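Given next are the chains, with one letter for each unit.
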Amino acid sequence: MEEKVILVNKKDDQLGLMGKMEAHQKAVLHRAFSVFVFNKKGELLLQQRALDKYHSPGLWTNTCCSHQRDGESNIEAGKRRLEEEMGFSCDLEELFWFVYKASFDNGLTEHELDHVMIGYYDQDPKINKDEVASHRWMLLEDVKEDIEMHPELYTEWFKIIFKEYHQRLI
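A short tour of the structure in this document, coming up. Quantities reported herein were computed from a predicted structural model and do not represent experimental measurements.

## Notes on the overall build of the chain
Then, in step 1: On a plain count of helices and strands, the chain comes out with four helices and nine strands.
Then, in step 2: N-terminal to C-terminal, the α/β element order of the chain is β-β-α-β-β-β-β-α-β-β-β-α-α.
Then, in step 3: Taking 170 residues into account, the globule formula puts the C-alpha radius of gyration at 15 Å, and the chain, at 15 Å, falls close to it.
Then, in step 4: Counting all 170 residues of the chain, 54% fall into the buried class.
Then, in step 5: Taking contacts inside the chain between residues at least 6 apart in sequence as the whole, the part at least 24 apart equals 59%.
Then, in step 6: Roughly 8500 Å² of accessible area belongs to the chain as shown, and the carbon and sulfur atoms make up 48% of that amount.

## Focus on the packing of aromatic side chains
Then, in step 1: Summed over all chains, the structure comprises six aromatic pairs.
Then, in step 2: Measuring from centroid to centroid gives 3.7 Å for phenylalanine 88 and tyrosine 121, while their planes differ by 10°, and the two rings are stacked. One end of the pair, phenylalanine 88, is in the loop between α2 (74-86) and β7 (92-103); the other, tyrosine 121, is in the loop between β8 (109-120) and β9 (132-139), with 33 residues separating them in the sequence.
Then, in step 3: Residue class for phenylalanine 88 comes out buried when judged on its relative accessible area of 3%.

## Here's the deal with the nonpolar core
Then, in step 1: Membership of the largest hydrophobic core comes to 23 residues, with the highest contact counts inside it found for Phe36, Phe38, Leu44, Leu46, Val116, Val143 and Phe158.
Then, in step 2: Elements that contribute at least two residues to this core include exactly β3 (30-38), β4 (43-49), β7, β8, α3 (140-149) and α4 (156-169).
Then, in step 3: Sorting elements by how many residues they give to this core places α4 first, with five residues.
Then, in step 4: Every residue in contact with leucine 44, bar those within four places of it in the chain, is listed here: Phe36, Val37, Phe38, Thr63, Arg136, Trp137, Met138, Leu140 and Phe158.
Then, in step 5: By size, the runner-up hydrophobic cluster in this structure holds 15 residues, among which are Phe33, Val35, Ala77 and Trp137.

## Let's talk about the packing of α3 against α4
Then, in step 1: Following both chains from N to C, one finds α3 and α4 inclined at 120°, their axes separated by 11 Å at the closest point. As summarised for this structure, α3 and α4 are arranged oblique, according to the angle between their axes. As α3 runs across α4, the sense of the crossing is left-handed. Across the interface between the two elements, Leu140, Val143, Lys144 and Ile147 from α3 touch Phe158, Lys159 and Phe162 from α4.

## Brief notes about the environment of phenylalanine 88
Then, in step 1: Sequence separation of phenylalanine 88 and leucine 45 is 43 residues, and the distance between their C-alpha atoms is 12 Å.
Then, in step 2: If sequence neighbours within four positions are ignored, phenylalanine 88 has contacts with Val37, Leu45, Leu82, Glu83, Tyr121 and Pro125.

## Re the environment of glutamate 43
Then, in step 1: Here glutamate 43 is to be found in strand β4.
Then, in step 2: Classification of glutamate 43 as buried rests on a relative accessible area of 18%.
Then, in step 3: In sequence terms glutamate 43 and asparagine 9 are 34 residues apart; their C-alpha atoms lie 34 Å from each other.
Then, in step 4: Leave out the neighbours within four places in its chain, and glutamate 43 touches Val37, Phe38, Trp137, Met138 and Leu139.
Then, in step 5: One polar contact links glutamate 43 to asparagine 39, side chain to side chain, over a distance of 2.8 Å.

## Considering α3
Then, in step 1: Of the positions making up α3, those classed as buried are Leu140, Val143, Asp146 and Ile147. Burial along α3 is one-sided: seen end-on, the buried residues are contained in an arc of 125°. Facing away from the buried surface of α3 by more than 90 degrees, the exposed residues are Glu141, Glu148 and Met149.
Then, in step 2: Buried-residue contacts for α3 involve β3, β4, β9 and α4.

Thresholds, definitions, all that
- Residues numbered from 1 in each chain as written.
- Predicted model: local features only at pLDDT ≥ 70, side-chain atom pairs only at ≥ 80, totals over all residues.
- Heavy atoms only, no water.
- Helix = DSSP H or I, 4+ residues; strand = E, 2+ residues; numbered from the N terminus.
- Rg over C-alpha atoms; globule rule 2.2 N^0.38 Å.
- Buried < 20%, exposed > 50% of the residue type's maximum accessible area, 1.4 Å probe, protein only.
- Contact = heavy atoms within 4.5 Å.
- Areas by Shrake-Rupley, 256 points an atom, 1.4 Å probe, with all protein chains shown as cover.
- Phe/Tyr/Trp six-rings, centres within 6.5 Å; stacked < 30°, edge-to-face > 60°.
- Core = buried A, V, L, I, M, F, W, Y, C linked by side-chain atoms within 4.5 Å.
- Axes fitted to C-alpha atoms, helices over the stretch in contact; angles between N-to-C directions.
- Parallel < 35°, antiparallel > 145°, perpendicular 65-115°, else oblique.
- Left-handed = near helix turned anticlockwise from the far one by under 90°.
- Polar contact = N/O pair within 3.5 Å; in protein donor to acceptor, adjacent residues only side chain to side chain.
- Arc of directions from axis to C-beta.

Set out below in structure tokens:
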């Protein structure tokens, strides 16, 4: 059974549900989240998306991201997906949300109202190889420099968050 996404307006009011692939084919605005986990050294845990993801395969991005399920809070969704992708759980705090739209070479478009959350964890993850190819810890200054030198290695939403909002992550 295909996973459904929550359709929203630009105020984050729920409008209905739609199959995930259909929403990405039609570029319909839907709710999503992005989790950023830091350690005590101030390093951000990045993940490299699995090579068989339906979009942005093999690209580096924030700790985890996905879509909320109907009836699931943003924090519940973030914790669920953090466990599914990275193999650990931690407390999360929602910082802000923003809307973005990004088209991909495969004809799909992400049009998301993205809730950004932050958490702290000091051990290495136990990554789910079906979801995540690799991981690394990086200081924000190093991430910023690497994105400037190699933007093609990072997901579109991560570059937007980092360019527009990285000061809010500190």
